[in-house]
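# Residue-level structure breakdown
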Amino acid sequence: MSRKPLVPIEIFKKRRAKLASQFKGAALILTANPEFERNHDAGYEYRQDTNFFYMTGFEEPESVFVFRPGCKPETTLFVRKRDPLRETWDGFRFGPEGAKKEFEMDSTHEISQLSTILPDLLKEVGQVYYRLRKDAHWDQEIMKAIEENKKNEGRSGKGLLAIHDPSVVIGEARLIKSEEEKQWMRKAGEISANAHVEAMKFVRPGVNERHVQGVIYNSFYQQNSPRVGYNAIVASGANACVLHYIFNDQECKDGDLLLIDAGAEYNYYSGDITRTFPVNGKYTTAQKQVYEKVLYVQKAILKMIKPGVLFEELQNTTIDMLTNALIELKLLKGKKEDLIASKEFRKYYMHGVSHWLGMDVHDAGLYQVGGKSRALEPGMCFTVEPGLYIPADDATAPKEFRGIGIRIEDDIIVTEDGCEILTSKVPKEINEIEALMGCQAPPVR
Ligand SMILES: [Mn+2]
């Protein structure tokens, strides 16, 4: 029994070649995510550290990657040794030999060799790129190697190697998506969209939020997604006003809305979709009024997107338009400019309209460069997700709006002259949603 790398290794070699100049004269050290025990002998589902996977494609825990552009060996991977007993229990391991061959590393070793070999690998470099304070175990191992390296230098005047955070360099590389990455983002968007369609077809009064979550996850797995990009939010009624609602265990009631925020992962790239639709398949007049405002803003922001537009312009326009909507709905009273200046709009709209999207659902990449908001460029990938949330106990709100929470979210890639929407397979127009839900099963009694 053996396994193959998830995606072609060429891709990781290209990424390393592209970043080589930025790590020249240094050693970039990346460490695998730890495994966590959930309950006796049973672990949490394992997912590799994003930057580690981005640079290596290697998915096993207890691994360390050392990249020294221009040195020999340039790439070194420390991995778990083969172990017939452990592999009988936990499954296949590549081991040093397999990792060298399949992941095309210059050099591989057993992870137990790290403390002996790493100090030597630091001899030829002037600095280290390593993310401190993320994992205490690796911090200790890496610091020991740096200390050991200094000892070996004797009184040469060379102090401890300086340690820099590699997150910004790798994050900036991850921000602009390559052609393969765009393909995987499209796939993640499509899988996620199909699952939302399944949920819309399934939901009816009396089903539990958990059951809807199951329908979505089942659809992800059926479409060959190995895991979610983040835990799904399935929030019926006023639960939708809790932005990161975690319980997903209430009954979906006739007359309520259901907000679902869920996305699948594909080749380590994540979708991120939110839709808000009526449990019984028909929006009430009040629900329609709020929904139409949010949808209008969402479509306006999608239209704005093109290279050169500043990231903050999307947020500022959203605040402007949603504050207008709040006045029209009689949720806020006063002049728009004053309500924005005093941040009163935050009572009903309190989050960003967009975040970078990629291998992490809230992906890496700077939002500001040189103290200024970033201008959009082709290949950037992000969400567009305005929302309005009217607390159930908001005594100042018109009664019919209390407990309504609505968010509408799509994923996009910036193109040369606009944007490509990755998640349009799931409807968001009221008539389309009602038509799709018209074929729903009768209520659960
Ligand atoms: Mn999002």
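Everything that follows concerns the structure shown earlier in this document.
Residues numbered from 1 in each chain as written. Predicted model: local features only at pLDDT ≥ 70, side-chain atom pairs only at ≥ 80, totals over all residues. Heavy atoms only, no water.

## What to know about the side chain of T383
Definition in use: To qualify as a helix, a DSSP run of H or I must reach at least 4 residues; to qualify as a strand, a run of E must reach at least 2; elements of each kind are numbered from the N terminus. We call two N or O atoms a polar contact when they sit within 3.5 Å, provided that within protein one can donate a hydrogen and the other can accept it, with sequence-adjacent residues counted only if both atoms are side-chain atoms. Note on definitions: a residue-residue contact is assigned when non-hydrogen atoms from the two residues lie within 4.5 Å.
Within the secondary structure layout, T383 lies in strand 17 (residues 381–384). A polar side-chain atom of T383 sits 2.9 Å from a polar atom in the side chain of E385. Setting aside residues no more than four positions away along its own chain, T383 makes contact with D272, V353, S354, H355, L357, E409, D410 and D411.

## Notes on the pairing of strand 10 (residues 233–236)
Rules: Between buried and exposed lies partly exposed: a residue is buried under 20% and exposed over 50% of the maximum accessible area for its type, with that area taken using a 1.4 Å probe on protein chains only. In this scheme, strands are said to pair when DSSP sees at least two bridges between them.
The alternating pattern of strand 10 places I233 and A235 on one face and V234 and S236 on the opposite face, and all of these are buried. Direction of pairing for strand 10 relative to strand 11 (residues 257–262): antiparallel, over a ladder of four bridges. Following the sheet pairing, I233 is matched in strand 11 by D261.

## Let's talk about the side chain of T75
Note on placement: T75 falls in strand 5 (residues 75–79). Of the polar contacts made by the side chain of T75, one reaches the backbone nitrogen of D106; its length is 2.9 Å. When sequence neighbours within four positions are dropped, the list of residues in contact with T75 reads R16, F65, V66, F67, E104, M105, D106 and S107.

## Notes on the sheet that holds strand 8 (residues 162–164)
Note the threshold: Axis definition: a line fitted to C-alpha atoms, limited for helices to the stretch in contact. Angles are taken between N-to-C directions and run from 0 to 180 degrees.
Overall, mixed pairing links the six strands, which are arranged 6-5-4-1-7-8 in an open sheet. A strand with exactly one partner marks an edge of an open sheet, and here the two such strands are strand 6 (107–110) and strand 8. Strand after strand, the sheet turns through a mean of 20 degrees between neighbouring axes, direction not considered. Examined bridge by bridge, strand 7 (residues 127–129) and strand 8 share three bridges and lie parallel to one another. Looking across to strand 8, one finds that Y129 is bridged to H164. Here helix 5 (residues 114–121) sits on the sheet in contact with strand 1 (26–31), strand 4 (64–67), strand 5 and strand 6, set at roughly 165 degrees to strand 5.

## A closer look at the pattern of salt bridges
Worth spelling out the cut-off: Each reported salt bridge corresponds to a side-chain nitrogen of Lys or Arg within 4 Å of a carboxyl oxygen of Asp or Glu.
According to the stated counting rule, one finds 32 salt bridges in the structure shown. The partner of R407 in a salt bridge is D261, with the nearest N and O atoms 3.0 Å apart. Linking R407 in strand 19 (residues 405–407) with D261 in strand 11, this pair joins segments that are 146 residues apart in sequence. Judged by relative accessible area, which is 3%, R407 ranks as buried. Take D261: its relative accessible area is 6%, and that puts it in the buried class. What emerges from the salt-bridge pattern is a single network uniting R174, K177, D360 and D363.

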